[in-house]
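Descriptive analysis of the structure
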Amino acid sequence: MNQLQKEIVTRIIKDFFKKRIYININNVMSKLTELEKQQLKFDWRYKGVSVLNLLTEKEVDKYSAELERIRRERQENDEKGEWGEYDPYQYPHKESDILKELLVHPKIVEATELLLGGEIVGLQTWSYFKPPGQLGRDMHQNIFYTECESNEVLNVSIAFDNHDPQNGSVWYYEGSHNLGVLPIEVDDERTRTNPKNWRNERGKPCVMPEGHSFPFVEGFLRKGQVVFIHSNVVHGSESNDSDRFRKAFLCGYLKWGSNFATGGHMKRKPIDVGSAKIPQLSLDL
Ligand SMILES: O=C(O)CCC(=O)C(=O)O
C-alpha cells in the first residue's frame, strides 16, 4: 500500500467511526423508539395523520384536573360574561406551568421535528371541553388559517378522555394532505352557532374536489393518545351526541423559518419549545 492509499483507508475508517458515534448519540438522545418513528413517518406519508401513545391515564388525570382548574378560574373571573361555560380555552399553557409541560413534551417535540423535517417552534395552544350536545368543527384544512406552505405547520390533539364518533371525535379524509389549499363556502346561518370569542369553528367549511375518493376515517382515540394532523389534511368533528365529555388539549407547531399568518383571533407568535433557537425579540413569552 502506498502513502496515498494508506491516507484514503485511514480517512474511510475515521469517517465510519465518526458517523457511528453521531448515529449513536442521536439514538441515545431520542425519546421515541425506532418503531414509533417508523409508524409516525409511514402514516404521515400515506394518511396525513399519525397517532402516538403518549400519556398514562394517571398523567392525563393530572393535566385534566389542571385544565378544569383554569376553566373554573376563567368563569369565576369573567365579570363581563365573555365566556360560555365550556367555550374552548385559548392559550391554556400561558396560565399553567403544568399544562405547558404538554407543549414542550420531549416526545411531541421530537415527533414534530421528524414529521416537519427540521427544528420547530410552538405557535399556539388551546383546549376543547365539548360537553354533551356541543356542536363540532366544520371540515377544514389548518393551512387555510396559518397560510404556510404544505407541511410547514402541524397541530397535535391530545385526548383527555376516550374519543369516538358518538362524543364528536375528529375525523379526516385519508390521503387528503396531498391536496392544495381548497376553497371555502361561507354559511352565514351556521356561522352564528360559533362561540362569541371563537369564530372559526363553524360556517366556513372547505369544499372537497368533486368525485374525490379519499376514504373517510372516523376518529377513535384512547385517553392519553395524541394525534398529529398534517397542515393540508381535510378534517373536522361532529356534535357530541353522547352523555360524555370529549376533552382535548391542542398545540400548533411551525417548522422554524417558515412564514405564517399571525391570525386576527389567535395572534400567533413563536414559542420556545426547546428545539429551534429563537431570537428574543420574536418570542411569545
Ligand atoms: O377537536 C376538534 O373538534 C377539532 C380539532 C381541529 O380541527 C384541529 O386541531 O385542527
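Residues numbered from 1 in each chain as written. Predicted model: local features only at pLDDT ≥ 70, side-chain atom pairs only at ≥ 80, totals over all residues.

Here we look at the environment of Met29
Tracing the backbone shows Met29 in helix α1 (residues 3-29). Distance in space between the C-alpha atoms of Met29 and Leu182 is 39 Å, their sequence separation being 153 residues. (Helix = DSSP H or I, 4+ residues; strand = E, 2+ residues; numbered from the N terminus.)

A look at the site of the ligand
Near the ligand you find Tyr128, Gly136, Arg137, Asn142, Asn155, Ser157, Val170, Ile229, His235, Ser237, Ala248 and Leu250, and these make up its full shell. Sorting the residues of the shell around the ligand by element identifies β4 (153-159), β8 (235-237) and β9 (248-255) as the ones contributing at least two each. Among the residues making up the shell around the ligand, the classes are represented as five nonpolar, six polar and one charged. (Near = placed C-beta within 6 Å. Nonpolar A, V, L, I, M, F, W, Y, C, P; charged D, E, K, R; others polar.)

Remarks on the packing of helix α2 (residues 34-46) against helix α5 (residues 106-116)
Contact geometry of α2 with α5 gives a least axis separation of 10 Å together with a crossing angle of 45 degrees. Taken together, the axis directions place α2 and α5 in an arrangement best described as oblique. In this structure, the crossing between α2 and α5 has a hand that is right-handed. Here Lys37, Leu40, Lys41 and Trp44 of α2 come into contact with α5, specifically with Ala111, Leu114 and Leu115. Class assignment of the residues belonging to the contact of α2 with α5 gives a composition of five nonpolar, no polar and two charged. (Axes fitted to C-alpha atoms, helices over the stretch in contact; angles between N-to-C directions. Parallel < 35°, antiparallel > 145°, perpendicular 65-115°, else oblique. Left-handed = near helix turned anticlockwise from the far one by under 90°. Contact = placed C-beta atoms within 7 Å.)

Remarks on the nonpolar core
Val156 and Phe249 are the most contacted members of the largest nonpolar core, which totals 49 residues. With six residues, the single largest contributor to this core is β9. Sequence-distant contacts of Val156, that is, excluding residues within four places in its chain, are made with Ile108, Val226, Val227, Phe228, Leu250 and Cys251. (Core = buried A, V, L, I, M, F, W, Y, C linked by C-beta atoms within 7 Å. Buried ≥ 20, exposed ≤ 12 C-beta atoms within 10 Å, placed from the backbone.)

Quick word on helix α3 (residues 57-76)
An ideal rise of 1.5 Å per residue puts 28 Å on 20 residues; α3 measures up with 28 Å between its terminal C-alpha atoms. Within α3, burial applies to Val60, Tyr63, Leu67 and Arg71. Buried residues of α3 fall within an arc of 80 degrees about the axis and therefore sit on the same side. Within α3, the exposed residues directed more than 90 degrees away from the buried face are Lys58, Ala65, Arg72, Glu73 and Glu76. Residues of α3 that are buried in the fold lie against β2 (89-90), α4 (97-103), β3 (120-128) and β9. (Expected span 1.5 Å × (residues − 1). Arc of directions from axis to C-beta.)

Considering the sheet that holds strand β6 (residues 216-217)
One open sheet accounts for three strands, arranged β6-β5-β8; its pairing is antiparallel. Each edge of the open sheet carries a strand with a single partner, namely β6 and β8. Bridge analysis of strand β5 (residues 170-173) against β8 gives three bridges, and the strand direction is antiparallel. Directly across from Trp171, in β8, lies its bridge partner Gly236. (Pairing = 2+ DSSP bridges.)

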